[in-house]
Amino acid sequence: MKITVIGTGYVGLVTGTCLAEMGNDVLCLDLDENKIRILREGGIPIHEPGLQDMVQRNVASGRLKFSTDIAESVAFGELQFIAVGTPPDEDGSADLKYVVAAARNIGKHMTDYKIVIDKSTVPVGTGDKVRAAIQEELAARKLETPFDVVSNPEFLKEGAAVEDFMRPDRIVIGADSDRAITAMRELYAPFIRNHDRVIVMDVRSAELTKYAANAMLATRISFMNELANLADDLGADIEQIRVGIGSDPRIGFHFLYPGCGYGGSCFPKDVQALIRTADEGGRRLKVLHAVEEANEAQKHVLLDKIRGHFGSDLRGMTFALWGLAFKPNTDDMREASSRVVIEGLWDMGARVRAYDPVAMDETRRIYGNDDRLSYATSPQDALTGAEALVIVTEWKEFRVPNFDAIKSSLKNPVIFDGRNLYTPAQMRKRGIEYFAIGRR
């Protein structure tokens, strides 16, 4: 198939590259000339394991191309994936200006049948807006060229997106056209050879499915965080509780790990957008309001523990920080808990010495040359001269550190662990004061 992917951000680049990997001819469009230059030169503008090699391989084969030419991109593919950003508006709703603009460009330039596929995470009813925008542009050109609109939400985890796309657990297709459904099944058939994972539904249900999935996962995280805080109050151990409830097959173990709050480009934005969608319809989603409130509070839990141990005047102190990205295997700092911790420590007068395997450049982009934040070359280097260690991201290289070196490097042998990487008994044995989330 010949496929156009509009947008070379996280979703667009992974989608286009993985479709090319299966033998399709793919043209990725982006109006950011610098981003297209980087991609043409063999680089990628994001950190995602396995993606760069796949991009280079498919560019070399001629199956994957990049362009800034809108007319060329519309003419290229019968399938037109819209994978542009939908950033949160001031009121928390998803901003659809880029989605509608992409739809209008398709309507302005199309000359034959197109299947327009919403890959971006969008509110319910966006398919209707895309259809209306294309129809308006065709009417202005006095054309009645046929087209179909499909919702095909992505379910990619940052840090495992290539694997998720190549081996999907489900493929949701929202469409009301047999022609479009047949084309989409044909497109995804190579990805699901062992058994059919395609779920066909109407467009609005597909749009809501994406939001519902992320909202459910965010709810599990906030629920466990609330339980962990209660376990702290009651002298219970959340890890034992996690095993106890996760053993119930109706609950399972996924997304039952407490921590210092969720972040990233999906959960916070999608929970807010779903809340806003419901508010506009006059329905208050009480559970999701609580999920969002609990998560915002959870990002301050480590600061509360630091304040409880050292007091609120931290002038003259430096804290080592392990982890900046909102999760491992990505450099994404959007809504990251590390930002709340860094800025909270600054507010109390402290300085921060941080280390992250891949998110240092992104952190520099956000904070510039603020002299209250310095960057270490290794986890051990971050400890030098620090009062205590704060762990925010569960990178694998933090899981089995040299505890003797940690103890000897810190001014105070204290660890504030926002991801429960270690056991309290292990820390007591080594003479390290250990403050985790819900661990006794």
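Further up the page is the structure itself.
These numbers come from a predicted model, not from an experiment. (Residues numbered from 1 in each chain as written. Predicted model: local features only at pLDDT ≥ 70, side-chain atom pairs only at ≥ 80, totals over all residues. Heavy atoms only, no water.)

**Remarks on the packing of helix H9 (residues 203-234) against helix H11 (residues 267-280)**
Inclusion rule: Interaxial angles span 0 to 180 degrees and are taken between N-to-C directions of axes, which are lines fitted to C-alpha atoms, for helices over the stretch in contact. Note on conventions: DSSP H or I runs of at least 4 residues are helices, E runs of at least 2 residues are strands, and numbering of each starts at the N terminus. Oblique is the label for any angle not under 35 degrees, not over 145, and not in the 65 to 115 range, which are roughly parallel, roughly antiparallel and roughly perpendicular in turn. Should the near helix be turned anticlockwise from the far one by less than a right angle, the crossing is termed left-handed; should it be turned clockwise, right-handed. We call two residues in contact whenever any of their non-hydrogen atoms come within 4.5 Å of each other.
It is the contact of H9 with H11, at a shortest axis distance of 9 Å, that shows an interaxial angle of 115°. Considering the angle they form, H9 stands roughly perpendicular to H11. Relative to H11, H9 is oriented so that their crossing is left-handed. Facing H9, whose interface residues are Leu208, Lys210, Tyr211, Asn214, Ala215, Leu217, Ala218 and Ile221, H11 presents Phe267, Asp270, Val271, Ala273 and Leu274.

**Describing the sheet that holds strand S10 (residues 351-355)**
For the record, the criterion: By this definition, two strands are paired if DSSP reports at least two bridges between them.
One open sheet accounts for six strands, arranged S11-S10-S9-S12-S13-S14; its pairing is parallel. The sheet terminates laterally at strand S11 (373-375) and strand S14 (433-435), the two strands that pair on one side only. Across the sheet, the mean angle separating the axes of adjacent strands is 20° when strand polarity is ignored. As paired strands, S10 and S11 are joined by three bridges and run parallel to one another. If you follow arginine 353 over to S11, its bridge partner there is serine 374. Packing against the sheet, helix H13 (residues 301-310) makes contact with strand S9 (318-322), strand S12 (388-391), strand S13 (414-417) and S14, and its axis sits at approximately 155° to S13.

**Digging into the pattern of salt bridges**
What counts here: When a carboxyl oxygen of Asp or Glu is within 4 Å of a side-chain nitrogen of Lys or Arg, the pair counts as a salt bridge. Under the scheme applied here, a residue whose accessible area is under 20% of the maximum for its type counts as buried, over 50% as exposed, and between as partly exposed, the area being computed with a 1.4 Å probe on protein chains only.
With the rule as written, the count across this model stands at 31 salt bridges. For aspartate 196, the salt bridge is made with arginine 185, and the minimal N-O distance between the two is 3.2 Å. Of the two residues, aspartate 196 is situated in the loop between helix H8 (178-188) and strand S8 (198-201) and arginine 185 in helix H8; the sequence distance between them amounts to 11 residues. Overall, arginine 185 belongs to the partly exposed group, its relative accessible area being 35%. In this structure, glutamate 362 and arginine 365 form a salt bridge, with 2.7 Å as the shortest nitrogen-oxygen distance. Placement of both glutamate 362 and arginine 365 in helix H15 (residues 360-367) is noted, with a separation of three residues, approximately one turn of the helix. Each of Arg104, Glu136 and Glu137 takes part in one network of salt bridges that share partners.

**Details of the pairing of S9**
Each regular strand shows side chains that alternate between the opposite faces of the sheet. Definition in use: Classification remark: right-handed applies to a crossover when, strands pointing away from the viewer, the course from the first strand over the helix to the second runs clockwise.
Across the five residues that make up S9, a large majority, five, are buried. Two strands pair when backbone bridges link them, and S9 and S10 are joined in this way by five bridges, in the parallel orientation. Residue leucine 321 lies in a different strand from S10, and its bridge partner there is alanine 354. As a crossover connection, the stretch from S9 through helix H14 (residues 337-347) into S10 is right-handed. Judged from the four bridges that link them, S9 and S12 form a sheet pairing that is parallel. What sits directly across from tryptophan 322, in S12, is isoleucine 391.

**Examining the packing of aromatic side chains**
The description of an aromatic ring pair uses the distance of the two centres, along with the angle that the planes make with each other. We count it as follows: Stacked, tilted and edge-to-face pairs are distinguished by plane angle, under 30 degrees for stacked and over 60 for edge-to-face with tilted covering the rest, among Phe, Tyr and Trp rings (Trp via its six-membered ring) whose centres lie within 6.5 Å. Charge-over-ring contacts are defined here by two conditions on Lys NZ or Arg CZ: a distance within 6 Å of the ring centre and an angle within 35 degrees of the ring normal.
In total, this model carries 13 aromatic pairs according to the counting rule given. Judged by centre distance (5.4 Å) and plane angle (80°), the ring pair of phenylalanine 165 and phenylalanine 191 falls under edge-to-face. Of the two residues, phenylalanine 165 is situated in helix H7 (residues 161-166) and phenylalanine 191 in the loop between H8 and S8; the sequence distance between them amounts to 26 residues. Residue classification places phenylalanine 191 among the buried positions, given a relative accessible area of 5%. Considering the side-chain rings of tyrosine 262 and phenylalanine 267, the 5.8 Å spacing of their centres and the 80° angle between planes classify their relative orientation as edge-to-face. When its relative accessible area of 13% is taken as the criterion, phenylalanine 267 is described as buried. Chaining the aromatic ring pairs together yields one cluster made of Phe310, Phe319, Phe416 and Phe435. Over the ring of phenylalanine 76 we find lysine 2, and its NZ or CZ is 4.6 Å from the ring centre. The ring of tryptophan 346 carries arginine 372 above its face, with NZ or CZ at 4.0 Å from the centroid.

**Considerations on the packing of helix H5 (residues 97-109) against helix H6 (residues 126-140)**
Selection rule: Note on residue classes: Ala, Val, Leu, Ile, Met, Phe, Trp, Tyr, Cys and Pro are nonpolar, Asp, Glu, Lys and Arg are charged, and everything else, Gly too, is polar.
Following both chains from N to C, one finds H5 and H6 inclined at 35°, their axes separated by 7 Å at the closest point. Crossing angle aside, the handedness with which H5 passes H6 is right-handed. Residues Val99, Val100, Ala103, Arg104, Gly107 and Lys108 of H5 pack against Thr126, Val130, Ala133, Ile134, Glu136, Glu137 and Leu138 of H6. Within the contact of H5 with H6, the residues separate by chemical class into seven nonpolar, two polar and four charged.

**Structural notes on the environment of lysine 299**
Following the sequence through the fold, lysine 299 ends up in the loop between helix H12 (286-298) and H13. Here the alpha-carbon distance between lysine 299 and histidine 47, two residues 252 residues apart in the chain, equals 24 Å. Ignoring any residue separated from it by four or fewer positions in sequence, one finds lysine 299 in contact with Cys260, Gly261, Tyr262, Glu335, Ser337, Val340 and Val341.

**Brief notes about helix H10 (residues 238-246)**
As a reminder of what qualifies: Working definition: the arc comes from the directions between the helix axis and the C-beta atoms, pointing outward to the latter. Between N or O atoms, a polar contact is any pair within 3.5 Å; within protein, one atom must be a potential hydrogen donor and the other a potential acceptor, and residues adjacent in sequence are included only when both atoms are from side chains.
Along H10, the positions that sit buried rather than exposed are Ile238, Arg242 and Gly246. In a view along the axis of H10, the buried residues occupy a sector of 65°, so they form one face of it. Taken together, the buried residues of H10 touch H9. A side-chain oxygen of the first residue of H10 lies 2.9 Å from the backbone nitrogen of glutamate 239; this N-cap is aspartate 237.

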